[in-house]
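Structural overview
Next come the chains, spelled out residue by residue.
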Amino acid sequence: MKICIIGAGIGGLATAAHLAKKHEVEIYERENLLGGRALSCKIENYEKLLRKFEMMIVSATPSIGEVASEYKLDLGFHLIGGGKRGACVKLLKELGIELEFIGSKLGLIGEEVSYPILSSSDKLKMLPRIMQLLFTRKSKIEEMKKISMEEMIEKYGRGKLKLVLELFPRLITTVNDLGKISAGETFFAQRELMGGDPVIYPKNGLNEIAVSLAKYIEKNGGKIKLGTEVKEIIIEEGVAKGIKIGKGIKAGEEKEYDVVISTLPVQNIFTIANKKHFPEDWAEYIKNLKPTGSLVAYHALREAKKELDGKSFVFIERNAGFEGNDVVGMIDFKMNAPKGKQLIQSYAICTPEEAKNKAKMEELAKIIEKHLEKLIPSYKMEWYIYSSIWHLDGVAKTIDNEKPDVTTPIKNLYIAGDCVNSKGVGMNCAADSARLIVNNLKI
Ligand SMILES: Cc1cc2nc3c(=O)[nH]c(=O)nc-3n(C[C@H](O)[C@H](O)[C@H](O)COP(=O)(O)OP(=O)(O)OC[C@H]3O[C@@H](n4cnc5c(N)ncnc54)[C@H](O)[C@@H]3O)c2cc1C
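Residues numbered from 1 in each chain as written. Predicted model: local features only at pLDDT ≥ 70, side-chain atom pairs only at ≥ 80, totals over all residues. Heavy atoms only, no water.

**Topic: the pattern of salt bridges**
Under the criterion given, the structure shown has 22 salt bridges. One salt bridge in this structure joins Asp326 and Arg170, with 3.6 Å as the shortest N-O distance. Taken together, the residues span a long stretch of sequence, with Asp326 in strand β18 (residues 325–332) and Arg170 in helix α7 (residues 159–173) at a distance of 156 residues. Given a relative accessible area of 1%, Arg170 falls into the buried group. (Salt bridge = Lys/Arg side-chain N within 4 Å of Asp/Glu carboxyl O. Helix = DSSP H or I, 4+ residues; strand = E, 2+ residues; numbered from the N terminus. Buried < 20%, exposed > 50% of the residue type's maximum accessible area, 1.4 Å probe, protein only.)

**Topic: the sheet that holds strand β21 (residues 413–415)**
Read across the sheet, 5 strands follow the order β11-β2-β1-β15-β21 without closing on themselves; strand pairing throughout is parallel. Each edge of the open sheet is held by one strand with a lone partner, namely β11 (223–225) and β21. On average, each strand axis in the sheet is tilted by 20 degrees relative to the strand beside it, whichever way the strands run. Relative to strand β15 (residues 259–262), strand β1 (residues 2–6) is paired through 4 bridges, and the arrangement is parallel. Residue pairing in the sheet places Ile3 in a bridge with Val259 of β15. Where helix α13 (residues 426–441) meets the sheet, it contacts β1, β15 and β21, and its direction lies at approximately 155 degrees from that of β21. (Pairing = 2+ DSSP bridges. Axes fitted to C-alpha atoms, helices over the stretch in contact; angles between N-to-C directions. Contact = heavy atoms within 4.5 Å.)

**Re the site of the ligand**
Neighbouring the ligand are 35 residues, the closest being Gly11, Glu29, Arg37, His78 and Asp418. Measuring from a nitrogen atom of the ligand, one finds a backbone N or O atom of Arg30 at 3.1 Å. Note that an oxygen atom of the ligand is positioned 2.9 Å from one of the backbone N or O atoms of Met427. Where the shell around the ligand is concerned, the elements lending two or more residues are α1 (10–19) and α13. Top element by residues in the shell around the ligand is α13. It accounts for 3 residues. Counted by class, the shell around the ligand contains 17 nonpolar, 11 polar and 7 charged residues. Looking at which domains feed residues into the shell around the ligand, each of domain 1 (2–36 + 207–289 + 401–441) and domain 2 (40–74 + 293–389) gives three or more. (Near = heavy atom within 4 Å. Polar contact = N/O pair within 3.5 Å; in protein donor to acceptor, adjacent residues only side chain to side chain. Nonpolar A, V, L, I, M, F, W, Y, C, P; charged D, E, K, R; others polar. Domains from an automatic or database assignment.)

**Quick notes on the domain arrangement of the chain**
Partitioning the chain into domains gives domain 1 (2–36 + 207–289 + 401–441), domain 2 (40–74 + 293–389) and domain 3 (106–192). Averaged C-alpha coordinates put domain 1 and domain 2 at centres separated by 30 Å. If you look at the interface, domain 1 gives 7 residues, while domain 2 gives 6 residues. Of the roughly 560 Å² buried between domain 1 and domain 2, counting both surfaces, carbon and sulfur atoms make up 48%. Among the residues of domain 1 in contact with domain 2, Glu31, Leu33 and Asn207 are the three that bury the most area, contributing 61% of the side total. There are 1 salt bridge connecting domain 1 and domain 2. Where Lys52 meets Glu31, a salt bridge forms, and the shortest distance between an N and an O atom there is 3.2 Å. On the surface where domain 1 and domain 2 come into contact, there are 3 residue pairs in polar contact (both at pLDDT 80 or more). (Buried area = accessible area lost by both parts, 1.4 Å probe.)

Below is the structure:
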């Protein structure tokens, strides 16, 4: 089959990697870079690129133009959940791609800093209750999908277990509001991913994942057309027939395909596929799906803190005045940096609406700074950047927001990436969507 994939993010590349050996696969990517929201870019390109990914700069000191050009920034941060059992690593392994990852446990910035969060005796105390929750029968887990984490915490949350139940579901979903997080979904995710480090990062930078997938695709005959935007998906009588190229060297050209797979944030699909071809209720459902948001930050330390290298820490700010009442965030010391330097990646969860509100984001930046200060008292920065994003994960995994299937009402048109109902969050969700596509194409 001739298969067209729109987008060379993790979702598009993972799908192409699965299909390239047996089919004629062509990927169209609007940008001149691989990786989509999981790309690494030179600092001088950061501002221009982030506008394309539904992000804005909240503050930067000194201005980005003044930061030494040797720094590269990752858009996506790190893989969350499951470590080596997560979909991205599993896929790379299946394809025989060897990448080295830095993994760590999580520390907590509370009254005091504890690393890791749970001591062995904490774990032993909690184990019976956790095991009971994690090994509940599948049918019971299905029932639990309608129950919120808030209800679950009221029922089971005592002592350290309460803290764990308040933290992890938020980190897994990038949603602060425990009333919207499904308990079943959370326990299912945890059960699938038990063991392994909760946070991992490719040793030579996030872009390694996209670059290695692209190499594999090209080695197996697939083609990747960078800097080539798709303007339109051609649909005739309910069937996807091909695409029309927008910007790029072949602008205006029409190409026929047997299958078209879009990995655009699904809410944006009607920018390239005429809505009139879709049933009204499906179009309405897709348009209204809610993504997730965050404030993200990079801090370049004047003096590297070697003892923190490779570690990750979480915090929970109570009664913070954001949806969900408490705000959860992470401060991570894994990111690739120029030799002898240290770059800290942090984020704090918020809603997409909050992420668009600069004043709210400035409040959130103070919360990150407060926790950074607890972790490294009197730290001195060479530079820092705060940006906010209102489309971090394609579709939030919440009770009121059911993620769509990879199939669409249009024959031969599929959707992949972090928007669909695959396993995991963010990059893992995008990588796992490839598995669903392959199952659906039955090839
Ligand atoms: C700042 C930030 C921090 C994040 N942190 C994490 C994290 O810590 N952990 C995690 O798992 N996830 C994180 N994420 C989310 C993660 O990056 C995404 O979930 C994942 O990369 C999505 O992959 P995708 O392939 O579904 O979509 P995308 O990466 O968005 O890929 C879609 C691609 O389509 C291209 N495109 C769009 N329109 C067209 C067109 N018309 N023609 C051709 N190409 C087009 C885009 O340029 C893009 O490359 C973060 C994201 C950001 C931005």
